[in-house]
Amino acid sequence: MARKKATPDFEQSLADLQTLVERLESGELSLEDSLSAFEQGIRLTRECQASLSQAEQKVQILLERDGQLEEAPFDADEQA
């Protein structure tokens, strides 16, 4: 059985990040709220970067099999 990720998926994190950026750009947040939103944005950015890195590594694994597309096991925890 496949295990579920504890972190939100890439698309949700990206959408949340976009919402945060829009709120920050509006200029209507207090300084404290802006700092909190910025911290959350940094966390979401790191999650998105990690997801993209894992996807890139999986593509590399698939492509580096003597020209044949053959899936190999990939454990993201070992790569971190």
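Residues numbered from 1 in each chain as written. Predicted model: local features only at pLDDT ≥ 70, side-chain atom pairs only at ≥ 80, totals over all residues. Heavy atoms only, no water.

Quick look at the overall build of the chain now. A count of helical and extended segments in the chain gives 3 helices and 0 strands. Mapped in sequence order, the helices and strands of the chain form the string α-α-α. Residue burial in the chain is summarised as follows: out of 80 residues, 11% are buried. Counting only contacts in the chain whose residues sit at least 6 apart along the sequence, the fraction spanning at least 24 positions is 41%. Approximately 6,900 Å² of the chain is accessible, and the part contributed by carbon and sulfur atoms is 51%. (Helix = DSSP H or I, 4+ residues; strand = E, 2+ residues; numbered from the N terminus. Buried < 20%, exposed > 50% of the residue type's maximum accessible area, 1.4 Å probe, protein only. Contact = heavy atoms within 4.5 Å. Areas by Shrake-Rupley, 256 points an atom, 1.4 Å probe, with all protein chains shown as cover.)

A surface patch of nonpolar side chains, about 250 Å² in accessible area, is lined by Leu-24, Phe-38 and Ile-42. Within the secondary structure, Leu-24 sits in helix H1 (residues 10–26). The partly exposed category is assigned to Leu-24, whose relative accessible area is 32%. (Patch = residues over 30% accessible without salt bridge, like charges linked within 9 Å, V, L, I, M, F, W, Y side chains within 5 Å. Salt bridge = Lys/Arg side-chain N within 4 Å of Asp/Glu carboxyl O.)

Attention now moves to helix H2 (residues 31–63). Working note: α-helix, 3.6 residues per turn, so residues spaced by three or four point in the same direction. In this model H2 runs 47 Å from its N-terminal to its C-terminal C-alpha over 33 residues, within 8% of the 48 Å that 1.5 Å per residue would give. Residues of H2 that are buried: Ala-37, Gly-41, Leu-44, Glu-47 and Cys-48. Those residues of H2 that are buried are in contact with H1. (Expected span 1.5 Å × (residues − 1).)

So, on to the pattern of salt bridges. Within the structure shown, the criterion is met by 1 salt bridge. With its nearest N and O atoms 2.8 Å apart, the salt bridge here joins Glu-47 to Arg-43. Of the two residues, Glu-47 and Arg-43 are both situated in helix H2; the distance of 4 residues between them amounts to about one turn of the helix. On the basis of relative accessibility, which here comes to 41%, the residue Arg-43 falls in the partly exposed class.

Let's shift gears to the environment of Leu-35. The topology assignment puts Leu-35 in helix H2. Under the relative-accessibility criterion, Leu-35 is labelled partly exposed at 48%. Along the sequence, Leu-35 and Leu-24 sit 11 residues apart, while their C-alpha atoms lie 9.4 Å from each other.

With 17 residues, H1 extends 24 Å between its outermost C-alpha atoms, agreeing within 8% with the 24 Å of an ideal straight helix rising 1.5 Å per residue. Every buried residue of H1 is accounted for by Ser-13, Leu-17 and Leu-20. The buried residues of H1 occupy one face: seen down the axis, they fall within an arc of 60°. Opposite the buried face of H1, by more than 90 degrees, sit the exposed residues Glu-11, Gln-18 and Glu-25. (Arc of directions from axis to C-beta.)

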